[in-house]
Amino acid sequence: MNISINNPKSTLRMDVKQNSLYPVFLKMNRIQTLIVGGGDVALEKLSFLLKSSPNANIVIVAPSFHTTLIEYTKEYPIKLISDNYDQSHLEGKDLVIAATNRIPLNQQIFDDVKKRGLLINVADSPSLCDFYLGGIVTKGDLKIAFSTNGKSPTTAKILRQFFEGILPEQIEELIYNLNLYRKEIKGTLKQKVEQLNTLTKQFLP
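Predicted model only: the values in this text are computed from it and were never measured. For every chain, the first residue of the written sequence is number 1, and numbering continues from 1 onward in sequence order. In keeping with the model being predicted, local features are shown solely for residues with a pLDDT of at least 70 and side-chain atom pairs are shown and tallied solely at 80 or more, while totals for entire chains, interfaces and linings include all residues. As a convention, hydrogens and water are excluded, and side-chain values are obtained from all of the structure's heavy atoms.

**Notes on the packing of aromatic side chains**
- Stacked, edge-to-face and tilted are the three classes for Phe, Tyr and Trp ring pairs, Trp counted by its six-membered ring, which pair at centre distances within 6.5 Å; planes under 30 degrees apart are stacked, over 60 edge-to-face, the rest tilted. Tallied over the entire structure, the rule returns 3 aromatic pairs.
- Measuring from ring centre to ring centre gives 5.7 Å for Tyr72 and Tyr76, while their planes differ by 80°; the resulting arrangement is edge-to-face.
- Exposure categories follow from relative accessible area, calculated using a 1.4 Å probe and restricted to protein chains: below 20% of the type maximum is buried, above 50% is exposed, and the middle band is partly exposed. By relative accessible area, Tyr72 is classed as partly exposed at 21%.
- Ring geometry for Phe162 and Phe163: centres 5.2 Å apart, planes at 85°, overall edge-to-face.
- Looking at Phe163, the relative accessible area reads 25%, which means it is partly exposed.
- Among the aromatic residues, ring-to-ring pairing joins Phe146, Phe162 and Phe163 into one connected group.

Put into structure tokens, the structure is as follows:
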């Protein structure tokens, strides 16, 4: 995949610092998520979450809701609360997404969340985010996440589309068979790792 950007006014930076984010895969059905906002931005965040974790426990608070948000409640475990945001909505929550179109309100939500020691993502405000929602590719049990450290969601999207196209559908069968083999092989941890490495080399380009 060749990606080039022709801009004579720009210069390539060679001193870019390494992305220091630590990727984790959350069991969204075990935590409680709050989204504040009911418009297009909230819909985008919700759609992203549901695509990857359709069993996520999500509460959405807003005075009104996008019609698609309402439709989602028929298929997914989502609860809608028609109300203006209040810090009492943070009770029992583990993770918060502020997705309103009001900057002062998003800042208030951020301040309230940090007082409670919770994690938050504020839409379009990287400096107010504890985490980002990156590009994700899912093939059965295989899940790959991409992050540009909040710099270029478009790049993450391009990478996601690329890997969605090249990963074979039979990768799920490969993972299943390797899991069975891993349970049956004998020896020390080092010996098991060596055997698995030898077996998987044949699948590498």
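**A closer look at the pattern of salt bridges**
- Salt bridge, as used here: a side-chain nitrogen of Lys or Arg that lies within 4 Å of a carboxyl oxygen of Asp or Glu. Counted by the stated rule, this structure contains 5 salt bridges.
- Notably, a salt bridge pairs Lys51 with Glu164, separated by 3.8 Å at the nearest N-O pair. Linking Lys51 in helix α1 (residues 40–52) with Glu164 in helix α4 (residues 153–166), this pair joins segments that are 113 residues apart in sequence.
- The exposure class of Lys51 is exposed, given its relative accessible area of 59%.
- Across the pair Glu71 and Lys74 runs a salt bridge whose closest N-O atoms are separated by 3.3 Å.
- The partly exposed category is assigned to Glu71, whose relative accessible area is 45%.
- When its relative accessible area of 65% is taken as the criterion, Lys74 is described as exposed.
- Residues participating in the shared-partner salt-bridge network are Lys51, Arg160 and Glu164. Strands here mean DSSP runs of E at least two residues long; helices mean DSSP runs of H or I at least four residues long; both are numbered from the N terminus.

**Structural notes on the side chain of Asn106**
- Structurally, the position occupied by Asn106 is in helix α3 (residues 103–115).
- Any N or O atom pair separated by 3.5 Å or less is treated as a polar contact, with the protein-specific requirement of one donor-capable and one acceptor-capable atom, and with residues adjacent in sequence counted only for side-chain atom pairs. A distance of 2.8 Å separates the side chain of Asn106 from the side chain of Thr100, its partner in a polar contact.

**Considering the pairing of strand β5 (residues 119–122)**
- Any two strands are treated as partners once DSSP identifies two or more bridges connecting them. Direction of pairing for strand β4 (residues 95–98) relative to β5: parallel, over a ladder of 4 bridges. Bridge assignment links Val96 to a residue of β5, and that residue is Ile120.
- The path from the first strand over the helix to the second decides the hand: if it runs clockwise while the strands point away from the viewer, the crossover is right-handed. Each parallel crossover has a hand, and the one from β4 via α3 to β5 is right-handed.

**Quick notes on the sheet that holds β4**
- Judged by pairing direction, the sheet is parallel, and its 5 strands sit side by side in the order β3-β2-β1-β4-β5 without closing on themselves. Since the sheet does not close on itself, it has two edges, and those belong to β3 (78–82) and β5, each with one partner. Strand-to-strand twist across the sheet, computed as the mean angle between neighbouring axes with direction ignored, equals 15°.
- Pairs of residues are marked as contacts when any of their non-hydrogen atoms sit within 4.5 Å. Inter-axis angles, ranging from 0 to 180 degrees, are taken between N-to-C directions of lines fitted to C-alpha atoms, where helices are fitted over the stretch in contact. Its contacts with the sheet put α1 on β1 (32–36), β2 (57–62), β3, β4 and β5, and the angle it makes with β2 is roughly 175°.
- Along the sheet, α3 contacts β1, β4 and β5; its crossing angle with β5, the most-contacted strand, is approximately 170°.

**Comments concerning the nonpolar core**
- Joining through side-chain atoms within 4.5 Å is the link that ties buried Ala, Val, Leu, Ile, Met, Phe, Trp, Tyr and Cys residues into a set, and such a set is a nonpolar core. Counting 20 residues, the largest nonpolar core has Ile35, Leu46, Ile58, Ile60 and Ile97 as the members making the most contacts within it.
- Counting only elements with at least two residues in this core, the list comes to α1, β2 and β4.
- For this core, the element with the highest residue contribution is α1, accounting for 5 residues.
- Apart from the residues lying within four places of it in its own chain, the contact partners of Ile58 are Thr33, Ile35, Leu46, Leu49, Leu50, Pro77, Ile78 and Lys79.
- Residues Val61, Leu90, Ala98 and Phe110 belong to the second largest nonpolar core, which totals 16 residues.

Honestly, that's just the spatial picture; any functional story needs more than this.
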